[in-house]
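Analysis of the macromolecular model
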Amino acid sequence: MLYGMAGMTKQALGTFYDMHVYGCKRTVKSLNAALKVLAQTRDLAAISSFIREVPVKYEIQLDIISVNIVIGALCGMDIIDKAYMVLLEMERLGARADVVTYTTLISASYKNGQWVIANGLWNRMLWKGCQPNIFTFNVRIQFLVSRSRAWDANDLLKLMECVGIQPDEVTYNLVIKGFCKADNLDMAKRVYSAFLGRGYKPNVKIYQTMVHYLCEVGEFDLAYTMCKDCMKKNWSLNVDTVGRLIEGLKNCGSFHKAGQVLMLAERRHPPFPRNKLDAFRSILGTR
């Protein structure tokens, strides 16, 4: 895998083929490591040849991890139809797809605009008795948000909790963003409050989403509080968002708060670009 991380595919495969020289037995685990490196090349012919020849030559039985690597590679190359055929062939041979298999296919289908297929895969997954995990739910919630279906995304968040899967920061950020994009900032703030009430700590993406949309609707005081909390952790908000906040606070007469945001921006490490800091200062006339 170290060769693969370094982009040295030939050396990685050579190590696999030469394992007997070092007295090591080839197993499905070592095969999967070599296959994963090969999958990174996106060379369909090479991947197909490896899968067709190597397991037979070395008498190694492929496992679900092997199949998921192949499906992941095919989806990464936008060959989703072939990836789906691998799923069907695997099931024909008596193997059982797992949640990784379905999540990979569902995600790729949504990304390629094939939402009917993605929804069908979701239903098939449940029908086969395979339960979605946090990643599967997040993929579906992301799709719903992209289709301006924030309420459906929120319902799915609630369903997660009902089936014993705890939403994470990604889940909440997606739902919050969905309501913000739907111009329902009150609901976005309610979801954010529920997020805090469950003991979660906001990450930079949640701060960015909230501060950006609070500025959009002119709620600069709350945006200031969130921005200050974020920047005190040395997390970077989008420079345009910071500039919008400074300007909004100034226009509202909150010069002290605007100056506090500028001060935090100036102290950030690594620093904002010099021209951006100059732009912030010019808003307050301190350049």
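Here's what I pulled together on the structure shown here.

**Quick word on the overall build of the protein**
Secondary structure assignment for the protein yields 17 helices and 0 strands. The C-alpha radius of gyration of the protein comes to 25 Å, more than 25% above the 19 Å expected for a compact globule of 287 residues. Considering only C-alpha atoms, the protein reaches an extent of 75 × 45 × 30 Å along its principal axes. Scored against the burial criterion, the 287 residues of the protein give a buried share of 44%. For the protein, contacts bridging at least 24 residues in sequence account for 59% of all contacts bridging at least 6. When the accessible surface of the protein is split by element, carbon and sulfur atoms take 54% of a total near 15,700 Å².

**What about the packing of helix α2 (residues 9-17) against helix α4 (residues 44-58)?**
As a packed pair, α2 and α4 sit with axes 13 Å apart at the nearest point and diverge in direction by 25 degrees. Judged by the angle between their axes, α2 and α4 are roughly parallel. Contacts from Leu13, Phe16 and Tyr17 in α2 reach Phe50, Val54 and Tyr58 in α4.

**A short note on the side chain of Asp168**
Note on placement: Asp168 falls in the loop between α10 (150-162) and α11 (169-181). For the buried Asp168, no salt bridge is present, and the opposite-charge side chain at shortest range is Lys205, 10 Å distant. Within the structure, Asp168 has its side chain in polar contact with the side chain of Asn138 (distance 3.2 Å). Not counting residues up to four positions away in its chain, the partners in contact with Asp168 are Ile134, Asn138 and Tyr200.

**Observations concerning the nonpolar core**
Residues Phe50, Ile106, Leu245 and Ile246 are the most contacted members of the largest nonpolar core, which totals 91 residues. Leaving out residues up to four positions away in the same chain, Phe50 has contacts with Leu13, Phe16, Tyr17, Leu31, Ala34, Leu35, Leu38 and Pro55.

**Observations concerning helix α15 (residues 239-251)**
When the terminal C-alpha atoms of α15 are compared, their 18 Å separation across 13 residues agrees well with the 18 Å that a helix rising 1.5 Å per residue should span. Of the residues making up α15, those classed as buried are Thr241, Val242, Gly243, Leu245, Ile246, Gly248 and Leu249. On its buried face, α15 sits against α13 (204-216), α14 (220-232), α16 (255-267) and α17 (274-284). A side-chain oxygen of the first residue of α15 lies 2.7 Å from the backbone nitrogen of Asp240; this N-cap is Asn238. Looking one or two residues past α15, Gly253 carries a phi angle of roughly 85 degrees, positive in sign.

**Overview of the packing of aromatic side chains**
The tally for this structure, following the rule as stated, stands at 13 aromatic pairs. Here Trp151 and Phe179 contribute two aromatic rings whose centre-to-centre distance is 5.0 Å and whose plane-to-plane angle is 80 degrees, an arrangement assigned as edge-to-face. Taken as a pair, Trp151 in helix α10 and Phe179 in helix α11 lie far apart in primary sequence, 28 residues in all. Residue Trp151 is classed as partly exposed on the basis of its relative accessible area of 49%. Taking 6.1 Å as the distance between ring centres and 55 degrees as the angle between the ring planes, the aromatic pair formed by Tyr207 and Trp235 counts as tilted. Highlighted residues: Tyr207 in helix α13 and Trp235 in the loop between α14 and α15, separated in sequence by 28 residues. Taken together, the ring pairs in this structure connect Phe16, Tyr17, Phe50 and Tyr58 into an aromatic cluster.

**As for the pattern of salt bridges**
Applying the stated criterion across every chain yields a total of 9 salt bridges. Here Asp221 and Lys257 are joined by a salt bridge, their closest N and O atoms 3.2 Å apart. A residue pair is termed long-range when its members are at least 10 positions apart, and Asp221 in helix α14 and Lys257 in helix α16 qualify at 36 residues. Through salt bridges with shared partners, a single network forms among Glu266, Asp278 and Arg281.

**Some remarks on unusual backbone geometry**
With omega at -5 degrees, the peptide bond leading from His269 into Pro270 counts as cis. A positive phi is found at Ser148, a non-glycine position, where the angle reads about 60 degrees. Looking at the secondary structure, you find Ser148 in the loop between α9 (134-146) and α10. For Ser148, a relative accessible area of 66% corresponds to the exposed category. Positive phi outside glycine occurs at Asp183, with the angle close to 60 degrees. Inspection of the secondary structure puts Asp183 in the loop between α11 and α12 (185-197).

**A word on the environment of Arg92**
Its location among the elements puts Arg92 in helix α6 (residues 80-92). Spatially, the C-alpha atom of Arg92 lies 32 Å from that of Leu159, the residues being 67 residues apart in sequence.

**A word on the environment of Lys25**
Along the chain, the position of Lys25 falls in the loop between α2 and α3 (28-39). Judged by relative accessible area, Lys25 falls into the exposed class, the value being 71%. Residues Lys25 and His256, spaced 231 residues apart in sequence, show a C-alpha to C-alpha distance of 69 Å.

Conventions used here
Residues numbered from 1 in each chain as written. Predicted model: local features only at pLDDT ≥ 70, side-chain atom pairs only at ≥ 80, totals over all residues. Heavy atoms only, no water. Helix = DSSP H or I, 4+ residues; strand = E, 2+ residues; numbered from the N terminus. Rg over C-alpha atoms; globule rule 2.2 N^0.38 Å. Buried < 20%, exposed > 50% of the residue type's maximum accessible area, 1.4 Å probe, protein only. Contact = heavy atoms within 4.5 Å. Areas by Shrake-Rupley, 256 points an atom, 1.4 Å probe, with all protein chains shown as cover. Axes fitted to C-alpha atoms, helices over the stretch in contact; angles between N-to-C directions. Parallel < 35°, antiparallel > 145°, perpendicular 65-115°, else oblique. Lys, Arg positive; Asp, Glu negative; His and termini not counted. Salt bridge = Lys/Arg side-chain N within 4 Å of Asp/Glu carboxyl O. Polar contact = N/O pair within 3.5 Å; in protein donor to acceptor, adjacent residues only side chain to side chain. Core = buried A, V, L, I, M, F, W, Y, C linked by side-chain atoms within 4.5 Å. Expected span 1.5 Å × (residues − 1). Phe/Tyr/Trp six-rings, centres within 6.5 Å; stacked < 30°, edge-to-face > 60°.

Function-wise, these values are silent; they only describe arrangement.
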